[in-house]
Amino acid sequence: MGADASLPMEMCSNFDAYELRRLTRRFKKLDVDGSGSLSVEEFMSLPELQQNPLVQRVIDIFDEDDNGEVDFREFIQGISQFSVKGDKNTKLKFAFRIYDMDRDGFISNES
């Protein structure tokens, strides 16, 4: 998981140390090729995501550096958006970003 694994994740997420250990194990299990990041295919190995039409948008939002994969830091920060401990305003912003397809700050009606 590279240098990012040493980051104090409590500072960039809504998870405590126990939750972070569980998420680390989950991340490693999903990272089948051991690359330290999750590809779209690795995400799609989760049955609950396979039929979700918005999964690609969520992955795109998690992938902050736009390299096509989600590293551990991006994974924790992204999953943190869904935490029950999360801030309501942060969750609303995340939901908005899913529908702001062209990232212009507006939800446009594509023609």
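Just so you know, these numbers come straight off a predicted model, no measurement behind them.

### Brief notes about the overall build of the protein
Turning to step 1, where the next piece is worked out: Scanning the protein for helices and strands turns up six helices and two strands.
Turning to step 2, where the next piece is worked out: Written out in order from the N terminus, the α and β elements of the protein read α-β-α-α-α-β-α-α.
Turning to step 3, where the next piece is worked out: Expressed as a percentage of its 111 residues, the buried residues of the protein come to 33%.
Turning to step 4, where the next piece is worked out: A fraction of 50% describes how many contacts in the protein between residues 6 or more apart in sequence connect residues 24 or more apart.
Turning to step 5, where the next piece is worked out: For the protein, the accessible surface area stands at approximately 7,300 Å², while carbon and sulfur atoms represent 54% of it.

### Focus: the packing of helix H1 (residues 17-30) against helix H5 (residues 72-80)
Think of two packed helices as two axes; the pair is described by the angle between the axes and how far apart they sit.
Turning to step 1, where the next piece is worked out: Two numbers describe how H1 lies on H5: the axes approach to 11 Å, and their chain directions differ by 125 degrees. Taken together, H1 and H5 sit at an angle that is classed as oblique. Every pair of crossing elements has a handedness; the one defined by H1 and H5 is right-handed. Counted together, Leu 20, Leu 23, Thr 24 and Phe 27 of H1 and Phe 72, Phe 75, Ile 76 and Ile 79 of H5 form the full contact between these two elements.
Turning to step 2, where the next piece is worked out: Here the residues of the contact of H1 with H5 are counted per class, giving seven nonpolar, one polar and no charged.

### A look at the pattern of salt bridges
Any two side chains of opposite charge can pair, on the condition that their charged atoms come close.
Turning to step 1, where the next piece is worked out: Overall, the coordinates contain two salt bridges when judged by the stated rule.
Turning to step 2, where the next piece is worked out: In this structure, Glu 64 engages Arg 73 in a salt bridge whose closest nitrogen and oxygen atoms are separated by 3.1 Å.
Turning to step 3, where the next piece is worked out: Residue Arg 103 pairs with Asp 66 through a salt bridge whose shortest N-O separation is 3.6 Å. A residue pair is termed long-range when its members are at least 10 positions apart, and Arg 103 in the segment after helix H6 (88-99) and Asp 66 in the loop between helix H4 (55-62) and strand S2 (70-71) qualify at 37 residues. Across the pair, Asp 66 and Arg 103 agree in class, each one exposed.

### Section: the UniProt feature "domain: EF-hand" (unreviewed entry) in the protein
Turning to step 1, where the next piece is worked out: The UniProt entry lists residues 18-53, 55-85 and 87-111 under the feature "domain: EF-hand" (unreviewed entry), expressed in the numbering used here.
Turning to step 2, where the next piece is worked out: With 55% helix and 6% strand, the stretch residues 55-85 has end C-alpha atoms that lie 22 Å from each other.

### Things to note about the confidence of the model for the protein
Turning to step 1, where the next piece is worked out: Looking at the protein as a whole, the pLDDT averages 84, with 86% of positions reaching at least 70.
Turning to step 2, where the next piece is worked out: Element-level pLDDT for the protein is lowest in helix H3 (residues 47-50), with a mean of 82, against a maximum mean of 96 in strand S1 (residues 37-38).
Turning to step 3, where the next piece is worked out: For the stretch residues 1-7, pLDDT sits under 50, and the model shows nine contacts to residues farther than four places along the chain or on other chains.

### Notes on unusual backbone geometry
Turning to step 1, where the next piece is worked out: The backbone of Asp 66 shows a phi angle near 55 degrees, a positive value even though the residue is not glycine.
Turning to step 2, where the next piece is worked out: Of note in the backbone geometry, Arg 103 takes a positive phi value of approximately 55 degrees without being a glycine.

### Observations concerning the environment of Thr 24
Turning to step 1, where the next piece is worked out: Tracing the backbone shows Thr 24 in helix H1.
Turning to step 2, where the next piece is worked out: Placed 48 residues apart in sequence, Thr 24 and Phe 72 show a C-alpha to C-alpha distance of 7.9 Å.

Conventions we followed
For every chain, the first residue of the written sequence is number 1, and numbering continues from 1 onward in sequence order. Where totals are concerned, whole chains, interfaces and linings use all residues; where local detail is concerned, this predicted model gives features only for residues with pLDDT of at least 70, and gives and counts side-chain atom pairs only at 80 or more. Each side-chain value is derived from all of the structure's non-hydrogen atoms; neither hydrogens nor water enter the calculation. Each helix is a run of DSSP H or I of at least 4 residues and each strand a run of E of at least 2, with the numbering of both proceeding from the N terminus. Relative accessibility thresholds used throughout: buried, under 20% of the residue-type maximum; exposed, over 50%; partly exposed, between the two (1.4 Å probe, protein chains only). Note on contacts: a residue pair qualifies if any of its non-hydrogen atoms lie within 4.5 Å across the two residues. In this description, accessible areas are obtained by the Shrake-Rupley approach with a 1.4 Å probe, and a residue is regarded as covered only by the protein chains that are shown. With axes taken as lines fitted to C-alpha atoms, and helix axes fitted only over the stretch in contact, angles between N-to-C directions fall between 0 and 180 degrees. The cut-offs work like this: below 35 degrees is roughly parallel, past 145 is roughly antiparallel, 65 to 115 is roughly perpendicular, and the gaps in between are oblique. In a left-handed crossing the near helix is turned counterclockwise from the far helix by less than a right angle, and in a right-handed crossing that turn is clockwise. All residues other than Ala, Val, Leu, Ile, Met, Phe, Trp, Tyr, Cys, Pro, Asp, Glu, Lys and Arg, Gly among them, are scored as polar; the first ten of these are nonpolar and the last four charged. Any carboxyl oxygen of Asp or Glu that lies within 4 Å of a side-chain nitrogen of Lys or Arg is treated as forming a salt bridge with it. UniProt positions are given in the numbering used here, feature names are shortened, and annotations may be inferred rather than shown by experiment. You can read pLDDT as the predictor saying how much it trusts each residue, on a scale of 0 to 100.

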